[in-house]
Protein chains: 2
Amino acid sequence: MKTISENKAFGGIQGVYSHMSDVCDCEMTFAVYLPPQAVAGPVPCLWYLSGLTCTHENAMTKAGLQAHAAEFGIAIVFPDTSPRGDEVANDEAYDLGQGAGFYVNATQAPWSSHFQMEAYIASELRDLVTEKFAISVHHGITGHSMGGHGALTLAMKYPGHYQSLSAFAPIANPTQSDWGTKQLEAYLGPDAGAWDAHDAAVLLKEKGWAGDVLIDQGADDQFYDLLKPEALVKALVETKTAHSYRLQSGYDHSYYFVSTFGRDHVKWHAERLKA
Amino acid sequence: MKTISENKAFGGIQGVYSHMSDVCDCEMTFAVYLPPQAVAGPVPCLWYLSGLTCTHENAMTKAGLQAHAAEFGIAIVFPDTSPRGDEVANDEAYDLGQGAGFYVNATQAPWSSHFQMEAYIASELRDLVTEKFAISVHHGITGHSMGGHGALTLAMKYPGHYQSLSAFAPIANPTQSDWGTKQLEAYLGPDAGAWDAHDAAVLLKEKGWAGDVLIDQGADDQFYDLLKPEALVKALVETKTAHSYRLQSGYDHSYYFVSTFGRDHVKWHAERLKA
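The model shown is predicted, which means the values in this text are computed figures rather than measured ones. Each chain carries its own residue numbering, running from 1 in the direction its sequence is written. Working convention: letters from A go to chains and numbers from 1 go to ligands, in the order in which they are written. Reporting in this predicted model follows two pLDDT cut-offs: at least 70 for local features of residues, and 80 or more for side-chain atom pairs to be given and counted; totals over whole chains, interfaces and linings ignore these cut-offs and use all residues. To obtain the side-chain values, all non-hydrogen atoms of the structure were included, while hydrogens and water were left out.

Colleague: Help me understand the overall build of chain A, please; the structure alone is not making it clear to me.
Modeller: Along its length, chain A carries 9 helices and 9 strands. Taken over C-alpha atoms, the radius of gyration comes to 17 Å for chain A, in line with the 19 Å a tight globule of 275 residues would show. Expressed as lengths along the three principal axes of its C-alpha atoms, the size of chain A is roughly 50 × 45 × 35 Å. A burial count over chain A gives 61% of its 275 residues as buried. Numbered from the N terminus, helices here are DSSP runs of H or I no shorter than four residues, and strands are runs of E no shorter than two. Radius of gyration here uses only the C-alpha atoms, and the compact-globule reference equals 2.2 Å multiplied by the residue count raised to the power 0.38. Exposed residues in this analysis have more than 50% of their type's maximum accessible area, buried residues have under 20%, and partly exposed residues fall in between, with area computed by a 1.4 Å probe over protein chains only.

Here it is, written out as structure tokens:
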């Protein structure tokens with residue numbers, strides 16, 4: 001693991017690191033914010049998964065979550081959204097390939113040789129940060145847009161991995177959206193039966209979520225129709241999953257939306273991870 | 001004035017606008033954050049001047065000040081750091097020309113035809129935002145690095161314009177620094193006598209500041225030697241100017257430093273502007 005940068009922030013350390021990923025078979029960059037409380041011993045860890053076109057950097061610099069992580073005493077990990085590099089397959093579209101890993105393990109060429117983001121987030125990077133940093137076994141997960149999709153689906157696919165869950169404007173029903181069908185077909189093949197395991201609205205009915213979940217969605221989100229929040233609300237209600245779904249008047253899909261409600265999410269996770 | 005974007009943030013509106021500047025003789029872009037309280041009537045206004053290489057955008061997206069502006073009920077204006085465009089003079093160096101206006105009115109060719117940032121900030125843009133937005137006559141000013149220099153010098157050069165003052169890691173003594181002498185000579189000519197009116201440490205002794213001032217400086221700032229904070233501290237002490245100077249252990253020159261102490265600065269200004 002290489003240290004790219006470390007900056008003091010809110011009494012803790014915002015670091016950026018890289019390492020050779022076995023599962024993605026390329027160098028991967030990620031960021032970790034350690035709050036001041038980590039000096040005294042391992043702290044709970046919140047995973048923040050980013051959306052389309054993002055790297056580890058967008059939320060790290062724009063979401064303002066470090067202030068809240070320091071206030072509540074939890075670490076935050078900001079992974080990249082895909083494998084990267086000249087040897088890694090890509091597509092001209094912004095929503096496929098590099099920057100658009102969709103948090104799945106690709107089974108189809110040319111993607112399968114590097115695009116193993118599900119295994120990377122749920123296992124390899126988790127093991128690495130738990131070993132290298134003062135991070136405890138209590139992990140929560142959140143994310144924005146494609147990252148909200150990642151948070152919801154990974155939490156449900158890996159029971160016990162995450163003790164707390166939330167999402168900002170998640171892609172909630174990708175098997176029924178242009179933000180989903182194209183990518184799931186490319187990464188997983190044409191059999192739509194394989195896609196359901198990566199659709200939060202479907203997974204909620206099939207596997208469920210044992211805890212409660214906080215979802216914020218902007219009412220003026222310019223991608224509302226692609227996100228399909230109603231499908232998730234319907235599934236939450238039908239399955240009687242404990243949840244707080246907040247449709248926020250006037251908010252769009254930007255980081256201003258994420259930063260506005262960021263403290264609520266960090267507090268949500270801290271209360272559950274430190275309980 | 002054109003509206004480029006408006007996003008809801010912390011209950012208020014983060015807007016980006018452009019207009020044709022008379023004094024800079026080019027199109028200028030700026031950002032205004034209006035807190036939710038502005039719906040009920042004009043609110044005090046904090047000017048945030050950015051540093052070298054920045055546009056209106058850097059602090060707007062990375063400093064996290066909107067949360068605090070909403071908490072304390074003040075607006076924030078984020079101007080650009082220089083005129084811009086194909087017709088505007090520039091230099092290959094990052095610290096001269098576009099992105100490096102140093103908040104002076106240039107008198108020397110080729111800069112003088114557009115680089116009138118002092119008049120732009122202190123008069124033209126002030127008049128515009130006061131007319132177009134729910135902004136009161138109570139204005140404070142702050143900034144980071146070159147912008148800290150701009151905040152300190154404009155506040156002292158225009159008594160009565162600003163009722164509150166602070167700075168993050170300001171260029172404090174530019175007449176004695178490589179961050180200063182090159183630019184002041186280029187913009188104002190070789191007569192160093194003309195430079196003193198743009199040096200905070202000198203101005204403090206010559207004109208003084210009637211209020212109090214808050215300065216934060218990172219002890220691990222990688223540009224510490226170029227900023228020359230000791231000259232400012234010496235002037236503050238010698239002139240018995242009311243001040244709070246905080247040398248912050250472990251912090252560098254980045255936006256993580258600014259965001260960490262941003263709430264303290266917004267609170268400082270709000271308390272004085274709303275008194």
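Colleague: I'm lost on the sheet that holds strand β1 (residues 2-9) of chain A in this one. Help?
Modeller: Sheet strands line up and pair through hydrogen bonds in the backbone, either parallel or antiparallel. All names here are of chain A. One requirement defines pairing of two strands: DSSP has to find at least two bridges between them. With respect to topology, 9 strands assemble into an open sheet ordered β1-β2-β3-β5-β4-β6-β7-β8-β9, the strand pairing being mixed. Two strands close off the open sheet at either side, each with one partner strand: β1 and β9 (243-248). For this sheet, the mean angle separating the axes of adjacent strands, direction not counted, is 20°. As defined by bridge partners, strand β4 (residues 43-49) adjoins strand β6 (residues 135-143) across 6 bridges and the pair is classed as parallel. Residue L46 lies in a different strand from β6, and its bridge partner there is G140. Should any heavy atoms of two residues lie within 4.5 Å, those residues are considered in contact. Between N-to-C directions, angles span 0 to 180 degrees; the directions come from axes that are lines fitted to C-alpha atoms, helices contributing only their stretch in contact. Where helix α2 (residues 65-72) meets the sheet, it contacts β2 (12-21), β3 (26-34), β4 and β5 (75-79), and its direction lies at approximately 150° from that of β5.

Colleague: Is there a simple way to think about the interface of chain B and chain A in this case?
Modeller: Accessible area lost when the parts come together is the quantity often used to give the size of an interface. Taken residue by residue, the interface counts 20 residues in chain B and 20 residues in chain A. Note on terms: buried area is the combined drop in 1.4 Å-probe accessible area of two parts once they are placed together, counting the loss on both. Roughly 1600 Å² of surface becomes buried between chain B and chain A when both sides are summed, with 53% attributable to carbon and sulfur atoms. Here a polar contact is recorded for every N or O atom pair within 3.5 Å, except that within protein the pair must consist of a potential hydrogen donor and a potential acceptor, and residues adjacent in sequence are included only if both atoms are side-chain atoms. For the pair chain B and chain A, the interface holds 10 residue pairs in polar contact (both at pLDDT 80 or more). If you list the elements that add at least two residues to the side of chain B that touches chain A, you get β1 (2-9), α1 (57-62) and α9 (255-273) of chain B. When residues are sorted by character, Ala, Val, Leu, Ile, Met, Phe, Trp, Tyr, Cys and Pro go into the nonpolar class, Asp, Glu, Lys and Arg into the charged class, and all the rest, Gly among them, into the polar class. Within the side of chain B that touches chain A, the residues separate by chemical class into 6 nonpolar, 10 polar and 4 charged.

Colleague: Explanation requested: the pairing of strand β6 (residues 135-143) of chain B in the structure shown.
Modeller: Regular strands have side chains that alternate between both faces of the sheet. Residue and element names in this part refer to chain B. Burial analysis of β6 places 7 of its 9 residues in the buried class, which makes it a mostly covered element. Note: β6 against strand β7 (residues 164-168), 2 bridges, orientation parallel. Residue I141 lies in a different strand from β7, and its bridge partner there is L165. Note on handedness: a clockwise path from strand one over the helix to strand two, with the strands aimed away from the viewer, defines a right-handed crossover. Taken together, β6, helix α4 (residues 146-157) and β7 constitute a β-α-β crossover, and its handedness is right-handed.

Colleague: Teacher, can you tell me more about the sheet that holds strand β8 (residues 213-218) of chain B here?
Modeller: Residue and element names in this part refer to chain B. Spatially, 9 strands are ordered β1-β2-β3-β5-β4-β6-β7-β8-β9 in an open sheet, and the strand pairing comes out mixed. Looking at the sheet topology across the chains shown, the edges are occupied by β1 and β9 (243-248). Across this sheet, the average inter-strand angle for adjacent strands is 20°, counted without regard to direction. Here α4 sits on the sheet in contact with β4 (43-49), β6, β7 and β8, set at roughly 130° to β6.

Colleague: Looking at this structure, how should I read unusual backbone geometry?
Modeller: Where the residue is not glycine, phi is negative for most of them; where a peptide bond is considered, it is trans in most cases. The omega torsion of the bond from A109(A) to P110(A) falls at 0°, within 30 degrees of zero and hence cis. Residue position: P110(A) is located in the loop between β5 and α3 (117-132). The residue A169(A) is not glycine, and still its phi comes out positive at about 40°. If you trace the backbone, A169(A) turns up in the loop between β7 (164-168) and α5 (181-188). For A169(A), a relative accessible area of 0% translates into the label buried. The backbone of Y103(B) sits at a positive phi, close to 60°, despite the residue not being glycine.

Colleague: It is not clear to me how the packing of aromatic side chains should be interpreted in this structure. Could you clarify?
Modeller: Each aromatic ring pair is specified by the distance between its two centres and by the angle formed by the two planes. All names here are of chain A. Between the rings of Phe, Tyr and Trp (Trp by its six-membered ring), a pair exists once the centres lie within 6.5 Å; its type follows the angle of the planes, with under 30 degrees stacked, over 60 edge-to-face, and the other angles tilted. Applying the stated criterion across every chain yields a total of 24 aromatic pairs over all chains. Arranged with centres 6.0 Å apart and planes meeting at 50°, the rings of Y48 and F78 form a pair that is tilted. Linking Y48 in strand β4 with F78 in strand β5, this pair joins segments that are 30 residues apart in sequence. F78 matches Y48 in its accessibility class, with the two residues each being buried.

Colleague: Would you mind going over the environment of Y17(B) with me for this structure?
Modeller: Residues and elements named next belong to chain B. Tracing the sequence through the fold places Y17 in strand β2 (residues 12-21). Considered as a pair, Y17 and T3 are 14 residues apart in the sequence and their alpha carbons are 4.6 Å apart. Those residues in contact with Y17 that lie beyond four places of it in its chain are M1, K2, T3, I4, E6, M28, T29, F30, V32 and F133. Only 2.7 Å separates the side chain of Y17 from the side chain of E6, close enough to count as a polar contact.

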